[in-house]
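One-letter residues, chain by chain:
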2 protein chains.
Amino acid sequence: MTTKELLIKAKNAKALVNTISTEKINEALNAMAQALIDNTEDILRKNAEDIEKARGTVSDVMIDRLALSEERIKGMADGVRDVAKLPSPVGKVLKSNEPQPGLIIEKTSVPLGVVAIIYESRPNVTSDAAALALKSGNVCVLRCGKEAHQSASAIVEALQKGLESAGLSKDLVLLVEDTTRQSATELMTADGCVDLLIPRGGKGLISACVKNATVPVIQTGTGICHIFVDESADIDMALNIVENAKTSRPSVCNAEEVLVVHKNIAGEFLPKLKERLVDSRAENPVELRLDEEAIKIIDGTPAGENDFDTEFLDYILAVKIVDSAAEAVSHINTHSTGHSEAIVTASGESAELFTKGIDSSSVYVNASTRFTDGGEFGLGCEMGISTQKLHARGPMGLEELNTYKYIIRGNGHVR
Amino acid sequence: MTTKELLIKAKNAKALVNTISTEKINEALNAMAQALIDNTEDILRKNAEDIEKARGTVSDVMIDRLALSEERIKGMADGVRDVAKLPSPVGKVLKSNEPQPGLIIEKTSVPLGVVAIIYESRPNVTSDAAALALKSGNVCVLRCGKEAHQSASAIVEALQKGLESAGLSKDLVLLVEDTTRQSATELMTADGCVDLLIPRGGKGLISACVKNATVPVIQTGTGICHIFVDESADIDMALNIVENAKTSRPSVCNAEEVLVVHKNIAGEFLPKLKERLVDSRAENPVELRLDEEAIKIIDGTPAGENDFDTEFLDYILAVKIVDSAAEAVSHINTHSTGHSEAIVTASGESAELFTKGIDSSSVYVNASTRFTDGGEFGLGCEMGISTQKLHARGPMGLEELNTYKYIIRGNGHVR
């Protein structure tokens, strides 16, 4: 099936999905989860083929991301069942008014329509994204990287069996067959057919989508997250938060990449930081990349030109000294990707300056940036973390996969 | 001042606006309204220059749009005072949760930042847009068509006097000096500086923005609105609604352009429609453009190729006969601009099919499409009517000029 044919199928399925009850959608999600379990053998066989082909051409980290196991498939099925348990976002009356007697205006949440997801080599994104899209009343068009295509095919086949066993059309979850660049371009320019495109993956993929897409896009994921240690910070608290944000899982988007330190506390704080992040760590000591002022206080790598604009996703931390909280805010707003930033401070005034002034999705006072996550934020799930301001900002859950429309009921009302 | 310099001013002013209280903003809005009154003479003089220059080169309708009077300026000032009276959308806690004791996550409404508006020849848009942007905590960058530039300059000067008399920076409301295409392009591509671009005007302007902008855009205004007269419709109600939607103000975006009629009622309904919209109207009879089936029932112009895809904004109505409500929904979803559509029906089933199936911002049952308006919808005001699905759909008020961020307060919390 060509991508164009598949997009027509998706558009037609959109009309169907509006008429399906929440109960039926939940029944289908549970059937999809069961189908994943029932087809474990087939999925693992196809996954082994993907791994066989990829070995030698991609990194070990990528092979690990690609590899499935019985346990991982069980985890995917559990994830789909968890989505079935969440409340449906569809059909909520968000607001209503009656400007004239008998003329009732209701602002009502409705699905976006066709949601396309372009992702890379994690096969589990296939079932995650499909479950979230379906639960929020959307038709899902998936396009995965070529490394994971066999695995994704087997997963989608299982999900479609689940849909059909619940009496629903298998066209509600579709996988693009073509894995060349052309199919990505076709999705990006499928005006009038794709209602939302979500790229999930590296910086290159996301910027290609933002640049080339004519359909609506939500940018996700890139996180150059900052922590500012204010002059009044509790030093132990600051050390704990920085250590957690930098080292607990450096490969994720809510990990810290840049540390900003007030000059009045730098002399005391930086040596303790070096002790905590470098000297006392037997495994994975952090490489500190220090600006001109910081390097006068502790040893480390002199920061290069790009170090304050890089998502390291590694045990590397750029360090900058500033003269004031206002300078910290200004530096962060210039260099951040708008994901997550934190201040450690004992001053209410600095905290307010920071929370008001920082132009990012998630702004922390005395807590680690690592909490930016759909689960932690009470959304129950996560389709990605938006770094833009329109529509959805920060973790995107089911509500963010809906739009609204006004439904107006009258009795012959004219204006 | 070049457009680049002006955009830097706007970006710097964004940091200021976060620290201004709602009381101060309201004080400034009232001072701006007073300044419009106080500078009436100057504004009228500049407006006369614009009109002098434009006369002969643009239509009379455009001259009328351009022309100000003492009364119109008073109306603009009243509009600004009305905005001062509306509740502020900024800083509302939209949701909160506490995933761990003492870790408080608040989803909080915040201004977008810099809102740019590109508009054409209506000078009153200058004060309307500035007031809405300021009230919602945004810095406003205005760029008007060259025909209205003198008028807009005089209005912005007055508004800036008002800002300064309230002790605020005049950079909160800025007018682009360059009226060539270059300045529009600069706004469309001011990434990292313009947080939202709203084009207000004709189809050409809007599609140029959607196509060329790399900054976030909200499409407004184009309305190919449909009314579907179902087989069970009350014929008098249908006639009243169609007459109102087509003829009460044909030049606006919520006016009806296409009438869709169920075949089972067409034989009775269409002759009455012709009597109401054509024969009995001494002034401005409506030109009916009829499809092949309709023209078998009444006289009229045969519909041409583009008549079902045209925003006439005139006393012209395209008429199509369909076999079912489902066919009506499918035709409308294919040809609509996503603005406003109505069904006239006595059937609950058809009403549900229509409200669920139609993919537009505002879907009416037994009421005229003319109600799609910020005031009628209870928003108190209107920056435009969005025809897209992301962020804002339908009439945009103050809330739609805000985004949100998560503010998370902890006490040393790590994950």
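Residues numbered from 1 in each chain as written. Chains lettered and ligands numbered in written order. Predicted model: local features only at pLDDT ≥ 70, side-chain atom pairs only at ≥ 80, totals over all residues. Heavy atoms only, no water.

**Re the pattern of salt bridges**
All names here are of chain A.
Then, number 1: Inspection of the entire model under this criterion finds 54 salt bridges over all chains.
Then, number 2: Asp 195 is paired through a salt bridge with Lys 14; the nearest N and O atoms lie 3.1 Å apart. Of the two residues, Asp 195 is situated in the loop between helix 8 (181-188) and strand 6 (196-200) and Lys 14 in helix 1 (residues 3-17); the sequence distance between them amounts to 181 residues. For the pair shown, Asp 195 and Lys 14 are each scored as buried. (Salt bridge = Lys/Arg side-chain N within 4 Å of Asp/Glu carboxyl O. Helix = DSSP H or I, 4+ residues; strand = E, 2+ residues; numbered from the N terminus. Buried < 20%, exposed > 50% of the residue type's maximum accessible area, 1.4 Å probe, protein only.)

**Overview of unusual backbone geometry**
Then, number 1: Not every positive phi belongs to a glycine, and His391(A) is a case in point at roughly 70 degrees.
Then, number 2: A positive phi is found at Asn284(B), a non-glycine position, where the angle reads about 50 degrees.
Then, number 3: Relative accessible area serves as the criterion here: at 34%, Asn284(B) is assigned to the partly exposed category.

**A few points about the relation of the copies chain A and chain B**
Then, number 1: Of the two same-sequence chains, chain A is brought onto chain B (RMSD 0.0 Å, axial shift 0.0 Å) by a rotation of 180 degrees. The relationship between the two copies is best expressed as a two-fold rotation axis. Closest approach to the rotation axis among the C-alpha atoms of chain A is made by His391(A), whose C-alpha sits 1.8 Å away.
Then, number 2: The overlap is high: 100% of the interface residues of chain A also sit at the interface in chain B, so the same surface is used on both sides. (Least-squares fit on C-alpha atoms with pLDDT ≥ 70 in both. Contact = heavy atoms within 4.5 Å.)

**Quick look at helix 7 (residues 149-165) of chain B**
Residues and elements named next belong to chain B.
Then, number 1: Its 17 residues place the ends of helix 7 24 Å apart at the C-alpha level, agreeing with the 24 Å of an ideal helix rising 1.5 Å per residue.
Then, number 2: Of all 17 residues that make up helix 7, 12 are buried, and the element is covered over most of its length.
Then, number 3: Residues His 149, Ser 151, Ala 152, Ser 153, Ala 154, Ile 155, Val 156, Ala 158, Leu 159, Gln 160, Gly 162 and Leu 163 constitute the buried set of helix 7.
Then, number 4: A positive backbone phi angle near 85 degrees is found at Gly 167, which sits one or two residues after helix 7. (Expected span 1.5 Å × (residues − 1).)

**Side note on the packing of helix 5 (residues 70-85) of chain A against helix 6 (residues 124-135) of chain A**
All names here are of chain A.
Then, number 1: At a minimum axis distance of 9 Å, the contact between helix 5 and helix 6 shows a crossing angle of 10 degrees. Between helix 5 and helix 6, the crossing angle belongs to the class labelled roughly parallel. Here Met 76, Val 80, Val 83 and Ala 84 of helix 5 lie close against helix 6, whose contacting residues are Asn 124, Ser 127, Ala 131, Leu 132 and Lys 135.
Then, number 2: A per-class count over the contact of helix 5 with helix 6 returns six nonpolar, two polar and one charged. (Axes fitted to C-alpha atoms, helices over the stretch in contact; angles between N-to-C directions. Parallel < 35°, antiparallel > 145°, perpendicular 65-115°, else oblique. Nonpolar A, V, L, I, M, F, W, Y, C, P; charged D, E, K, R; others polar.)

**Considerations on the sheet that holds strand 7 (residues 225-229) of chain B**
Then, number 1: Pairing is mixed across the open sheet formed by 10 strands, whose spatial order is 1(A)-2(A)-16(A)-13(B)-12(B)-7(B)-8(B)-11(B)-9(B)-10(B). Each edge of the open sheet is held by one strand with a lone partner, namely strand 1 (93-100) of chain A together with strand 10 (301-302) of chain B.
Then, number 2: Both strand 1 of chain A and strand 2 (residues 103-111) of chain A contribute to a ladder of five bridges, which runs antiparallel. The residue of strand 2 of chain A that forms the bridge with Gln100(A) is Leu103(A). (Pairing = 2+ DSSP bridges.)

**Here's the deal with the packing of aromatic side chains**
Then, number 1: Evaluated as defined, the whole model comprises six aromatic pairs over all chains.
Then, number 2: Taking 5.8 Å as the distance between ring centres and 85 degrees as the angle between the ring planes, the aromatic pair formed by Tyr404(A) and Tyr406(A) counts as edge-to-face. Like Tyr406(A), Tyr404(A) is buried.
Then, number 3: Chaining the aromatic ring pairs together yields one cluster made of Phe377(A), Tyr404(B) and Tyr406(B).
Then, number 4: In this structure, Lys107(A) packs its charged tip against the face of Tyr404(A), placed 4.3 Å from the ring centre. (Phe/Tyr/Trp six-rings, centres within 6.5 Å; stacked < 30°, edge-to-face > 60°. Lys NZ or Arg CZ within 6 Å of the ring centre and 35° of its normal.)

**Brief notes about the sheet that holds strand 4 (residues 139-143) of chain B**
Residues and elements named next belong to chain B.
Then, number 1: Spatially, the four strands line up as an open sheet ordered 5-4-3-6, and their pairing is parallel. With one partner strand each, in any of the chains shown, strand 5 (173-175) and strand 6 (196-200) form the two edges of the open sheet. Along the sheet, successive strands turn relative to each other by an average axial angle of 20 degrees, direction set aside.
Then, number 2: Pairing of strand 4 with strand 5, which is carried by three bridges, proceeds in the parallel orientation. By the bridge assignment, Val 141 is partnered in strand 5 with Leu 174.
Then, number 3: Seen against the sheet, helix 6 (residues 124-135) touches strand 3 (114-119), strand 4, strand 5 and strand 6 and runs at an angle of roughly 160 degrees to strand 4.
Then, number 4: Packed onto the sheet, helix 7 meets strand 3, strand 4 and strand 5 and runs at close to 160 degrees relative to strand 5.

**A closer look at the pairing of strand 11 (residues 316-322) of chain B**
Residues in a regular strand point their side chains to alternate faces of the sheet.
Residues and elements named next belong to chain B.
Then, number 1: With seven of seven residues buried, strand 11 is to be regarded as a mostly interior element.
Then, number 2: Both faces of strand 11 are covered, namely the face carrying Ile 316, Ala 318, Lys 320 and Val 322 and the face carrying Leu 317, Val 319 and Ile 321.
Then, number 3: As defined by bridge partners, strand 8 (residues 256-262) adjoins strand 11 across five bridges and the pair is classed as parallel. Bridge pairing in strand 11 links His 262 to Val 322.
Then, number 4: Both strand 9 (residues 287-290) and strand 11 contribute to a ladder of four bridges, which runs parallel. Bridged to Glu 287 within strand 11 is Ile 316.

**Some details on the interface of chain A and chain B**
Then, number 1: Between chain A and chain B, the contact holds 64 residues from the first and 64 residues from the second.
Then, number 2: By the criterion of area lost to chain B, the three top residues of chain A are Leu390(A), Tyr406(A) and Arg415(A), representing 16% of everything that side buries.
Then, number 3: At the junction of chain A with chain B, the criterion picks out 12 salt bridges.
Then, number 4: A salt bridge links Lys389(A) to Asp195(B); the nearest nitrogen and oxygen atoms lie 2.8 Å apart.
Then, number 5: Applying the counting rule to chain A against chain B returns 45 residue pairs in polar contact (both at pLDDT 80 or more).
Then, number 6: For the side of chain A that touches chain B, the secondary-structure elements that each account for two or more residues are strand 1, strand 2, helix 10 (235-247), helix 13 (348-357), strand 13 (362-367) and strand 16 (402-413) of chain A.
Then, number 7: The element that contributes the greatest number of residues to the side of chain A that touches chain B is strand 16 of chain A, accounting for 11 residues.
Then, number 8: Where strand 16 of chain A meets strand 13 (residues 362-367) of chain B, five bridges bridge the pair, whose relative direction is parallel. (Buried area = accessible area lost by both parts, 1.4 Å probe. Polar contact = N/O pair within 3.5 Å; in protein donor to acceptor, adjacent residues only side chain to side chain.)

**A look at the confidence of the model for chain A**
Parts of the model with low pLDDT should not have their predicted coordinates read in detail.
Then, number 1: For chain A, mean pLDDT is 95; residues scoring 70 or higher make up 100% of the total.
Then, number 2: Here the prediction assigns the complex a pTM of 0.93, and the interface score ipTM is 0.94. (pLDDT = per-residue confidence, 0-100.)

**Digging into the environment of Asn26(A)**
Residues and elements named next belong to chain A.
Then, number 1: For Asn 26, the position within the fold is in helix 2 (residues 22-38).
Then, number 2: For Asn 26, a relative accessible area of 18% gives the class buried.
Then, number 3: Spatially, the C-alpha atoms of Asn 26 and Ile 407 are 26 Å apart, while their sequence positions differ by 381 residues.
Then, number 4: Aside from chain neighbours lying at most four places away, what touches Asn 26 is Ala 84 and Lys 135.

**Let's talk about the pairing of strand 3 (residues 114-119) of chain A**
Residues and elements named next belong to chain A.
Then, number 1: Most of strand 3 sits out of view: six of its six residues are buried.
Then, number 2: Here strand 3 runs beside strand 4 (residues 139-143); their pairing, made up of five bridges, is parallel. Counterpart to Val 114 in the pairing with strand 4 is Val 139.
Then, number 3: Crossover handedness for the path strand 3 to helix 6 to strand 4: right-handed.
Then, number 4: As judged from the five bridges shared by strand 3 and strand 6, these two strands associate in the parallel manner. Across the sheet, residue Val 115 finds its bridge partner in strand 6, namely Leu 196. (Right-handed = clockwise from strand over helix to strand, strands pointing away.)

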